[in-house]
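Close look at the chain arrangement
The lines below spell out each chain.
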Amino acid sequence: MVEAIRNVTKMLTGSYSLVILINNELFVVRDPSGIKPLSMGNLDGLTIVASETVAFDVVGAKYVRDVEPGEILHINEEIKSYTLPEDEKPRRAHCMFEYVYFARPDSILDGRSVYNVRLNIGKALAQEFPADADVVMPVPDSAITAAIGYSRESGLGYGEGLIKNRYVGRTFIMPTQTERETSVRLKMNPIKSELEGKSIVLVDDSIVRGTTSRSLVKVLREAGAREIHLRVGCPPIISPCYYGIAMATKKELIASDKEVEEIRKILGVDSLAYLSIESLLDCIGIKNGNLCVGCLTGEYPTPLPNNIAKYEANRC
Ligand code: SF4
């Protein structure tokens, strides 16, 4: 089996995590760059694996360690670890977007607390892009921790201007534009008493197409917000993800061909600032060489398919 897995992985490029059950034996594989997280836990002597450590907390299991990039685990009564041949190991490239948005804040990824990374992001935004405002508010839920960090660092009070309907899914991965726009209204309801006449720092984790942000700004203005200073915890996303996150095609990404000032006008905010790539790397605490920042730079850690234009055209 291990040889078969090694042979298969020679044909695979990019991001994958495999869990294979054969005759009551478990084989676990993490791609050689470790693009997506994969960790191992223990529940009453049984070994379990999950993408995020939070899954262990939920079932009362203990986190043991991460599955290493390029590691094959063979789990039955005991655990045996194998690796791919050294010369086939590319560099590590953990997805920065897991820290910024995707992972739950109570997860530990590659030894780092996602919560602490997001607090750092908020603090860095406050240091680099202060604003003369009355209150700091998050775009819930994913930007809550960063907004707390901004509030602590700036000394501005933390407040809630938007309440999230928890029964509507992530808008940026919804298939059509109409669905995305409708779902923003369904998803976020303003609290007028917290917004009327106020100048707010609105903290968001990232901006993909910009349509969600624009709709949210409209909702906040209609609810009486006087000034909106948007601070974004992820540097401008200029290029698609080819590792499993169906963000958008290049031409749909608002930052792929626009400067910050142009985006500010489109979104209708009084000021707009994105965290820089250098600051983001500091906040995560992993060196650039060991992170994937492909969607921020257009430089990816693995070769891309030759027919990338056709691939892009087939995405919605
Ligand atoms: S391209 Fe962006 S979203 Fe995709 S894996 Fe790399 S950092 Fe993550």
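For the structure itself, look to the data block above.
Quick summary incoming for the structure in this document. (Residues numbered from 1 in each chain as written. Predicted model: local features only at pLDDT ≥ 70, side-chain atom pairs only at ≥ 80, totals over all residues. Heavy atoms only, no water.)

Quick notes on the packing of helix α4 (residues 114–128) against helix α5 (residues 144–154)
Where α4 meets α5, the axes come as close as 7 Å, and the angle between the chain directions of the two elements is 45 degrees. It follows that α4 is oblique to α5 by the angle criterion. In the packing of α4 onto α5, the handedness of the crossing is right-handed. Touching Tyr-115, Arg-118, Leu-119, Ile-121, Gly-122, Lys-123, Leu-125, Ala-126 and Gln-127 of α4 are Thr-145, Ala-146, Ile-148, Gly-149, Tyr-150, Arg-152, Glu-153 and Ser-154, all from α5. Across the contact of α4 with α5, the residue classes break down as 8 nonpolar, 5 polar and 4 charged. (Axes fitted to C-alpha atoms, helices over the stretch in contact; angles between N-to-C directions. Helix = DSSP H or I, 4+ residues; strand = E, 2+ residues; numbered from the N terminus. Parallel < 35°, antiparallel > 145°, perpendicular 65-115°, else oblique. Left-handed = near helix turned anticlockwise from the far one by under 90°. Contact = heavy atoms within 4.5 Å. Nonpolar A, V, L, I, M, F, W, Y, C, P; charged D, E, K, R; others polar.)

Details of the pairing of strand β4 (residues 46–50)
Sheet topology note: the strand β3 (residues 39–43)/β4 ladder contains 5 bridges and is antiparallel. Paired with Met-40 across the bridge in β4 is Val-49. Linking β3 to β4, which pair antiparallel, is a turn of 2 residues; within it Asp-44 sits at a positive phi near 50 degrees. (Pairing = 2+ DSSP bridges.)

Focus on the sheet that holds strand β17 (residues 271–274)
Strand order in the open sheet formed by 5 strands is β12-β11-β15-β16-β17, and the pairing between neighbours is parallel. In this open sheet, the two edge strands, each paired with only one partner strand, are β12 (157–158) and β17. With 6 bridges joining them, strand β15 (residues 199–204) and strand β16 (residues 227–232) adopt parallel strand pairing. Across the sheet, Ile-200 pairs through a bridge with Ile-228, a residue of β16. The strands touched by helix α8 (residues 211–222) within the sheet are β15 and β16, with β16 carrying the most contacts at an inclination of about 150 degrees. Relative to the sheet, helix α9 (residues 260–267) contacts β16 and β17, its axis offset from that of β17 by approximately 130 degrees.

A word on the sheet that holds strand β7 (residues 79–83)
Strand pairs in the sheet, formed through backbone hydrogen bonds, run parallel or antiparallel to each other. Spatially, the 4 strands line up as an open sheet ordered β1-β2-β6-β7, and their pairing is antiparallel. Each edge of the sheet is formed by a strand with only one pairing partner; in this case those strands are β1 (17–22) and β7. Pairwise comparison of adjacent strand axes, ignoring direction, gives a mean angle of 15 degrees for this sheet. Where strand β6 (residues 71–75) lies against β7, 5 bridges are found, and the strand directions are antiparallel. Bridge assignment links Leu-73 to a residue of β7, and that residue is Ser-81.

So, the side chain of Glu-71
Here Glu-71 lies in strand β6. Under the relative-accessibility criterion, Glu-71 is labelled buried at 4%. Only 2.6 Å separates the side chain of Glu-71 from the side chain of Ser-81, close enough to count as a polar contact. Residues contacting Glu-71, with those up to four places away along its chain left out, are Val-28, Val-29, Arg-30, Arg-65, Asp-66, Ser-81 and Tyr-82. (Buried < 20%, exposed > 50% of the residue type's maximum accessible area, 1.4 Å probe, protein only. Polar contact = N/O pair within 3.5 Å; in protein donor to acceptor, adjacent residues only side chain to side chain.)

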